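# Observations on the model geometry
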2 protein chains.
Amino acid sequence: MIGDNGHETAIITSDDVAAILGSVGRDRLMDEMIAGLETALATCEEDAAIPTRDGFVVGGARAGLLEWMPVLRDGAAMVKMVSYSPDNPQVGLPTITATISKFDAATGHLIAIADGVVATALRTGAASAVASRVLALPDSATVGLVGCGAQAVTQLHALSRAFPLRRALVHDVAPDAAASFADRVAFLGLDVRVAPLAQVEAEADILVTATSVAEGGGPVIDGSGLRPHVHVNAVGSDLTGKIELPRALLLRSLVCPDHRPQAVREGECQQLEPDQIGPSLPEVVRRAAELAAWRGRTTVFDSTGFALEDQVAMDILLGHARELGLGASLPLEYLPGDPKNPYSAPRPRAAAPRRLAGGAG
Amino acid sequence: MIGDNGHETAIITSDDVAAILGSVGRDRLMDEMIAGLETALATCEEDAAIPTRDGFVVGGARAGLLEWMPVLRDGAAMVKMVSYSPDNPQVGLPTITATISKFDAATGHLIAIADGVVATALRTGAASAVASRVLALPDSATVGLVGCGAQAVTQLHALSRAFPLRRALVHDVAPDAAASFADRVAFLGLDVRVAPLAQVEAEADILVTATSVAEGGGPVIDGSGLRPHVHVNAVGSDLTGKIELPRALLLRSLVCPDHRPQAVREGECQQLEPDQIGPSLPEVVRRAAELAAWRGRTTVFDSTGFALEDQVAMDILLGHARELGLGASLPLEYLPGDPKNPYSAPRPRAAAPRRLAGGAG
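Residues numbered from 1 in each chain as written. Chains lettered and ligands numbered in written order. Predicted model: local features only at pLDDT ≥ 70, side-chain atom pairs only at ≥ 80, totals over all residues. Heavy atoms only, no water.

Attention now moves to the overall build of chain A. Each helix and strand in chain A was counted, giving 11 helices and 15 strands. Along the first, second and third principal axes, the C-alpha atoms of chain A reach 70 × 45 × 40 Å. For chain A, with 361 residues in total, the buried portion stands at 61%. Sequence separation of at least 24 residues holds for 71% of the intrachain contacts in chain A that already meet a minimum separation of 6. Summed over all atoms, the accessible surface of chain A reaches about 12000 Å², with 53% contributed by carbon and sulfur. Where the 30 positive side-chain charges of chain A centre and where its 43 negative ones centre are 3 Å apart. (Helix = DSSP H or I, 4+ residues; strand = E, 2+ residues; numbered from the N terminus. Buried < 20%, exposed > 50% of the residue type's maximum accessible area, 1.4 Å probe, protein only. Contact = heavy atoms within 4.5 Å. Areas by Shrake-Rupley, 256 points an atom, 1.4 Å probe, with all protein chains shown as cover. Lys, Arg positive; Asp, Glu negative; His and termini not counted. Charge placed at Lys NZ, Arg CZ, Asp CG, Glu CD.)

Next comes the structure, spelled out in structure tokens:
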């Protein structure tokens, strides 16, 4: 494990994540995310150690969020700090920025902190792939995308790893976002076309909504002209009052939230009564064989994003950082030589600042 | 402000904190903490932006905590991740480990992350000094300390900056902790003596309880033989069920919590009905002139520790780091060159990794 440098903290920067992407490749990374998430979902314990995320509503022109997403599992605690700032792209920053911190639950030591921007995009895509693999037709060939921002890239990428996709029909209220999408996913080799919303809805086997619609501004699709077997991944909702799907669609579908208490507060499930909500993602994975009966009918994955997904992503990134010898190791916490005296000099370090040893541990 | 290195993150390590302590000096640092905290308390808005901390209960032989403490104030968000691990000193680690992260609320960018161990000790001491300055007799000369761990050092230090102290009477259930205390606070030039608990209680003008007593194991003092004017700073409580003071003492005292909703859950205020709880620390500071009438009577500061204190400490540390040219600056967050494409190469950095520029910004 990273963290075997005594009590230093591994810092996995943007450069390290770029090196992992370059060295491991996004396909293998995404495959690992999907497989790792499926395993974690199948084996995770009750939701008690995954509290509903909490945060501050912060305001620019449009409401944003700054949230903390903690998880405690198998003796390892992780907290993702994530912001949703819909005006960020106007200043060249991603809508979602994030860092992930991993702790030794026994001592409280911060084992590692890493970029969470790429992890968030990867795991959100992977979650849709996991849900879709159970609930969508295995021969799904056409993905419809409503909202063509950063998350749409990894949504389509993840689905392409799980389905024999041939084409994507894409729509965005911002024409330039739709127009630039084909270039951004050129590496997938799919037929990607901008299309009117009605056509996207009419032809999709799997539909993804990943928008920055404002609270009260949804739904973002009409929902009346969908294919009877469509599976919808609604990934954009993350604010109370923000919804992407029409209630009528939810009422005729099997709606599976990722993390029920969170989805009830900020996902599509805001629009439903408790008995109208289907099994949550861990249960979907565990009951995959049984739920496959829904593949010919309309299903919805209500994806709000939850900390278990981030823990999986963090551990995959840390594993590659260690293998590749990436990441700085710094004595972040002041560990007094005398633990009973905060003014005593820090305990001696094992060595000078260095890159993480490759392969060790 | 630190954070003017484009969108990099300032990393303030243990070495940087040691350099600040060495260069600025602990006396000036503590004075800045006390003054900064008084100003923040006098001007802070309603408690809405300082949620009660939350966390995981984690278990070693004795229950520990891993908590997140967020605050949003004046457009700056801060989260302290802090652990309380009472068995840590047995492996040479401090009972309380912590890091503090500061965010730009508008964009979600992580401006800085710093050690929080020293900040926690400093601010907890400073909070007691602030409360004591209003509620204790100005000529208080004798401090009684029950519990002689790391927090006791900064408690006595902070009080020594606010009162004409002459001596400290100290007690700990672990004899070695009591015996080593005088050496740890030798820099204060006080008469420090280990004493029986009854004597500590009987002679203190200001009494501090800072123990790791287990839930259900309190109270840690008898409370019947205290001086009539005693002011008690109860700083150890941080777990539901953990208390340090006898209820009878609370009932005859003016009890001032630092952060009322938190103190009701994990502080001495657990033992009180709502109408038995006095003004909270921000109000104590604002009503200092009026509340000085309580100096001749028994008063209690119920200190659970709250995020406003950490924000003050963080900003003081960051200010010194900038002035002294300390702290690494790293591109922690992956900021894609195309914000709509998480797989695009990171945007170019302004410069190579470097120390923070001194004096600038």
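As for its position among the elements, Thr97(A) is in strand S5 (residues 96-104). Judged by relative accessible area, Thr97(A) falls into the buried class, the value being 2%. Looking at Thr97(A), its side chain comes within polar contact range of the side chain of Ser83(A), at 2.6 Å. Engagement of the side chain of Thr97(A) in a polar contact is seen with the backbone oxygen of Thr107(B), the distance being 3.3 Å. When sequence neighbours within four positions are dropped, the list of residues in contact with Thr97(A) reads Met81(A), Val82(A), Ser83(A), Asn88(A), Val117(A), Thr107(B), Gly108(B), His109(B) and Leu335(B). (Polar contact = N/O pair within 3.5 Å; in protein donor to acceptor, adjacent residues only side chain to side chain.)

What follows is about helix H3 (residues 117-135) of chain A. Taking 1.5 Å per residue as the helical rise, H3(A) with its 19 residues ought to reach 27 Å, and the 27 Å between its terminal C-alpha atoms agrees with that figure. For H3(A), the tally of buried residues reaches 18 of 19 residues, placing the bulk of the element in the interior. (Expected span 1.5 Å × (residues − 1).)

Counted by the stated rule, this structure contains four cavities of 30 Å³ or more. By volume, the largest cavity amounts to about 100 Å³. Residue lining of the largest cavity: 13 residues in total, with Met81(A), Ser101(A), Phe103(A), Met81(B) and Ser101(B) positioned closest to the centre. Sorting the residues of the lining of the largest cavity by element identifies strand S4 (76-84), S5 and strand S6 (110-115) of chain A together with strand S4 (76-84) and strand S5 (96-104) of chain B as the ones contributing at least two each. For the lining of the largest cavity, the residue count by class is nine nonpolar, four polar and no charged. (1 Å grid on protein atoms, 1.4 Å probe; cavity = no way out; pocket = protein on both sides within 12 Å on 5 of 7 lines; lining within 4 Å. Points joined across faces, edges and corners; volume = space filled by probe spheres on them. Nonpolar A, V, L, I, M, F, W, Y, C, P; charged D, E, K, R; others polar.)

If you walk through the whole model with that rule in mind, you get four aromatic pairs over all chains. Seen in terms of ring centroids, Phe56(A) and Trp68(A) are 5.1 Å apart; in terms of plane orientation they differ by 75 degrees. Their pairing is edge-to-face. Here the residue Phe56(A) occupies a position in strand S2 (residues 54-59), and Trp68(A) occupies one in strand S3 (residues 63-73), the gap between them amounting to 12 residues. Each member of the pair Phe56(A) and Trp68(A) is classed as buried. Consider the rings of Tyr343(A) and Phe187(B), whose centres lie 5.6 Å apart with planes at 90 degrees: the pair is edge-to-face. (Phe/Tyr/Trp six-rings, centres within 6.5 Å; stacked < 30°, edge-to-face > 60°.)

Residue position: Ser280(A) is located in the loop between helix H8 (260-266) and helix H9 (281-286). In this structure Ser280(A) touches Pro257(A) and Asp258(A), once residues within four positions along its chain are discounted.

The next point concerns the state of the cysteines. All names here are of chain B. As enumerated under the stated definition, the model contains zero disulfides over all chains in all. In this model Cys256 remains outside any disulfide bridge; the closest cysteine sulfur is found in Cys269, 8.9 Å from its own. When its relative accessible area of 1% is taken as the criterion, Cys256 is described as buried. (Disulfide = S-S within 2.5 Å.)

Residues and elements named next belong to chain B. Taking 1.5 Å as the rise per residue, helix H2 (residues 26-43) with 18 residues should run 26 Å; its terminal C-alpha atoms sit 25 Å apart, in good agreement. Turning to H2, its buried residues number three or more, namely Leu29, Met30, Met33, Ile34, Leu37, Ala40 and Leu41. For H2, the angular spread of the buried residues around the axis is 140 degrees, confining them to a single face. Elements in contact with the buried residues of H2: helix H1 (14-24), strand S3 (63-73), helix H3 (117-135), helix H4 (150-162), helix H9 (281-286) and helix H11 (307-324). (Arc of directions from axis to C-beta.)

Residue and element names in this part refer to chain B. Read across the sheet, seven strands follow the order S9-S8-S7-S10-S11-S13-S12 without closing on themselves; strand pairing throughout is parallel. In this open sheet, the two strands that pair with only one neighbour each are strand S9 (191-194) and strand S12 (254-257). On average, each strand axis in the sheet is inclined to that of its neighbour by 15 degrees, with strand direction left out of account. For S12 and strand S13 (residues 299-302), the ladder comprises four bridges, and the chain directions are parallel. (Pairing = 2+ DSSP bridges. Axes fitted to C-alpha atoms, helices over the stretch in contact; angles between N-to-C directions.)

Let us look at the pairing of S13(B). Residues and elements named next belong to chain B. Neither face of S13 is left uncovered, since the one carrying Thr299 and Phe301 and the one carrying Val300 and Asp302 both have all their residues buried. Note: strand S11 (residues 231-234) against S13, four bridges, orientation parallel. Following the sheet pairing, Ala234 is matched in S13 by Asp302.

Before going further, it helps to examine the relation of the copies chain B and chain A. Mapping between the two chain copies consists of a rotation about an axis together with a translation along that axis. Expressed as a screw operation, the relation of chain B to chain A combines 0.0 Å of axial shift with a rotation of 180 degrees, fitting to an RMSD of 0.0 Å. Those values place the two copies in the arrangement expected of a two-fold rotation axis. Taking C-alpha positions as the reference, the residue of chain B nearest the rotation axis is Trp68(B), at 4.1 Å. With an isologous cut-off of 70% or more, the 100% of interface residues of chain B that recur at the interface of chain A puts this contact in the isologous class. (Least-squares fit on C-alpha atoms with pLDDT ≥ 70 in both.)

In this complex, chain B contributes 74 residues to the contact, which on the side of chain A involves 74 residues. Summed over both partners, the interface of chain B with chain A buries about 6000 Å², with 74% contributed by carbon and sulfur atoms. Sorting the residues of chain B by area buried against chain A places Tyr334(B), Lys340(B) and Tyr343(B) first, and these three jointly supply 14% of that buried surface. There are zero salt bridges connecting chain B and chain A. Inspection of the region where chain B meets chain A yields 20 residue pairs in polar contact (both at pLDDT 80 or more). Here the side of chain B that touches chain A is composed, by residue class, of 49 nonpolar, 16 polar and nine charged. (Buried area = accessible area lost by both parts, 1.4 Å probe. Salt bridge = Lys/Arg side-chain N within 4 Å of Asp/Glu carboxyl O.)

A word on the environment of Val208(A). Residue and element names in this part refer to chain A. Here Val208 lies in strand S10 (residues 206-209). Note on Val208: relative accessible area 0%, which makes it buried. Along the sequence, Val208 and Thr124 sit 84 residues apart, while their C-alpha atoms lie 12 Å from each other. Once residues within four sequence positions are removed from consideration, Val208 is found in contact with Val143, Gly144, Leu145, Val146, Gln155, Leu159 and Asn233.

Here we take up the sheet that holds strand S7 (residues 142-146) of chain A. Residue and element names in this part refer to chain A. Spatial ordering of the open sheet is given by S9-S8-S7-S10-S11-S13-S12, a layout of seven strands whose pairing is parallel. Each edge of the open sheet carries a strand with a single partner, namely strand S9 (191-194) and strand S12 (254-257). Neighbouring strand axes in the sheet, compared pairwise and without regard to direction, differ in orientation by 15 degrees on average. Where strand S8 (residues 167-171) meets S9, four bridges bridge the pair, whose relative direction is parallel. For Val170, the partnering residue across the bridge sits in S9 and is Val194. Packing against the sheet, helix H4 (residues 150-162) makes contact with S7, S8, S10 and strand S11 (231-234), and its axis sits at approximately 165 degrees to S7. Those strands touched by helix H5 (residues 175-184) are S7, S8 and S9, and its axis lies near 170 degrees from that of S9.

Once that is clear, we can look at the pairing of S5(B). Residue and element names in this part refer to chain B. Across the nine residues of S5, eight count as buried, placing the element largely inside the fold. Summarising the sheet, S4 and S5 pair through nine bridges and their orientation is antiparallel. Pairing of Val82 across the sheet is with Ala98, part of S5. Inspection of the sheet shows S5 paired to strand S6 (residues 110-115) by five bridges, in the antiparallel sense.

In short, the description is geometric, and any link to function would need to be established separately.
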